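If you want the building blocks of each chain, they are given just below.
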There are 2 protein chains.
Amino acid sequence: MLSAYRAVMQIDDVDRAILAILQRNSRTIAEDIGAEVGLSAAAVQRRIKRLRENGTINREVAVLDPRALGQEMTFVVLVELERERAHLLEELRRRFLEDEHVQQCYCVTGQIDFVLVISARDMAEFDAVTRRVLFDNPTVRRFTTNVVLDRVKVGLTVPTG
Amino acid sequence: MLSAYRAVMQIDDVDRAILAILQRNSRTIAEDIGAEVGLSAAAVQRRIKRLRENGTINREVAVLDPRALGQEMTFVVLVELERERAHLLEELRRRFLEDEHVQQCYCVTGQIDFVLVISARDMAEFDAVTRRVLFDNPTVRRFTTNVVLDRVKVGLTVPTG
DNA sequence: CATGAAAATTGCTAACC
DNA sequence: GGTTAGCAATTTTCATG
């Protein structure tokens, strides 16, 4: 658990302002950020370095257009498990993590046990993915597929206020 | 529609290799990428520039740790609409887009109409969010809340193969 | 201990070929 | 696409409150 580390962190309002900028555009240069938050470029860089080191900034990534890469379809799959035998559940999680077509995976409470976001070139590829990660597993009782009509909001931004 | 533009795009295997690297870590320097894909740093830069301009690289962002910002809880909310009156639906979409606690929103087919991923400091804040964006709307028939126990996979990575 | 200023380094950009 | 020169941004150093 990372609670111990988090207890050490102290994020002030200037940090929050910097983070708000970087989670929209991580290529914003330190000088511009400094102008925004009222700090020198060097001071901004030092804060960013600290935020990276203490894990507040998890990573910096390029967000790609799935369509440009031929991934025309997105699906939300709701997975219901037969029962929750610990080691089988772990096996399942590993499959989700390893499969690059499984973009997202949340383990949740309630009627549903897993929520998956899956991307695929077409229906045939999606079928192949579900067969690979869901059908071949006795733990999976059933799953319902929802075709995504519109990826209204796909960001990973976090409220910084 | 962007199909016309996409038809112009031609992404080869080297581009795909570069994209695969950048979507894990957008701060990877061109020289290192070049070593990986067998190109000079300048050539890599030129390709990245092109991929940004043609929209294959949508944007570059910092991924933050929600817990470091006090957002301890995540929810997956499945929304069912009363009926699909176009302008009310548009109003709803706008709410989802504007609310910074709504991290993700997918419009889907099937029994469900919207899938939302919502982050909040605690249950009280989550309740406030749902009241704000869901309760005050006649279009929403009902919604089911799923508390996220584990954010197993949260990336936005796209298969580049 | 965080800051700002300035030097030193690194990485990017834009010409060439 | 490679090479190189010039530039931009980051990183380090150092003095200051």
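All of these numbers come straight from a predicted model, not from anything done at the bench. (Residues numbered from 1 in each chain as written. Chains lettered and ligands numbered in written order. Predicted model: local features only at pLDDT ≥ 70, side-chain atom pairs only at ≥ 80, totals over all residues. Heavy atoms only, no water.)

Q: Can you walk me through the packing of aromatic side chains in this structure?
A: Two aromatic rings, taken as a pair, are described by how far apart their centres are and by the angle between their planes. Residues and elements named next belong to chain B. Under the counting rule described, the total for this entry stands at six aromatic pairs over all chains. Arranged with centres 5.3 Å apart and planes meeting at 75 degrees, the rings of Phe-96 and Phe-114 form a pair that is edge-to-face. Residue Phe-96 is located in helix α5 (residues 86-98), and its partner Phe-114 is located in strand β4 (residues 114-120); the two are separated by 18 residues in the primary sequence. A relative accessible area of 0% places Phe-96 in the buried class. With relative accessibility at 1%, the residue Phe-114 sits in the buried group. (Phe/Tyr/Trp six-rings, centres within 6.5 Å; stacked < 30°, edge-to-face > 60°. Helix = DSSP H or I, 4+ residues; strand = E, 2+ residues; numbered from the N terminus. Buried < 20%, exposed > 50% of the residue type's maximum accessible area, 1.4 Å probe, protein only.)

Q: Looking at this structure, how should I read the relation of the copies chain B and chain A?
A: The relation between the two copies of this chain is a rotation about an axis and a shift parallel to it. Once chain B is rotated about the relating axis by 180 degrees and shifted along it by 0.0 Å, it coincides with chain A to within an RMSD of 0.1 Å. The two molecules are tied by a two-fold rotation axis, judged by turn and shift. The rotation axis passes nearest to the C-alpha of Val61(B) in chain B, at a distance of 2.9 Å. Residue by residue, 100% of the interface of chain B is reproduced at the interface of chain A, so both copies engage with the same surface. (Least-squares fit on C-alpha atoms with pLDDT ≥ 70 in both. Contact = heavy atoms within 4.5 Å.)

Q: In this structure, what is going on with the protein's contact with DNA strand D? I would like to understand it.
A: In the vicinity of DNA strand D, the contacting residues are Ile29(A), Ala30(A), Ala42(A), Gln45(A), Arg46(A), Leu39(B), Ser40(B), Ala42(B), Ala43(B), Arg46(B) and Arg47(B). Per the 4 Å cut-off to the protein, sugar and phosphate atoms form 61% of the nearby atoms of DNA strand D. At a separation of 2.6 Å, a sugar or linking oxygen of DNA strand D approaches a polar side-chain atom of Gln45(A). Contact between DNA strand D and Ser40(B): a phosphate oxygen at 2.6 Å from a side-chain N or O atom of the residue. Per element, the largest residue contribution to the surface near DNA strand D is four residues, and it comes from helix α4 (residues 41-53) of chain B. A breakdown of the residues in the surface near DNA strand D according to their chemical character gives six nonpolar, two polar and three charged. (Near = heavy atom within 4 Å. Polar contact = N/O pair within 3.5 Å; in protein donor to acceptor, adjacent residues only side chain to side chain. Nonpolar A, V, L, I, M, F, W, Y, C, P; charged D, E, K, R; others polar.)

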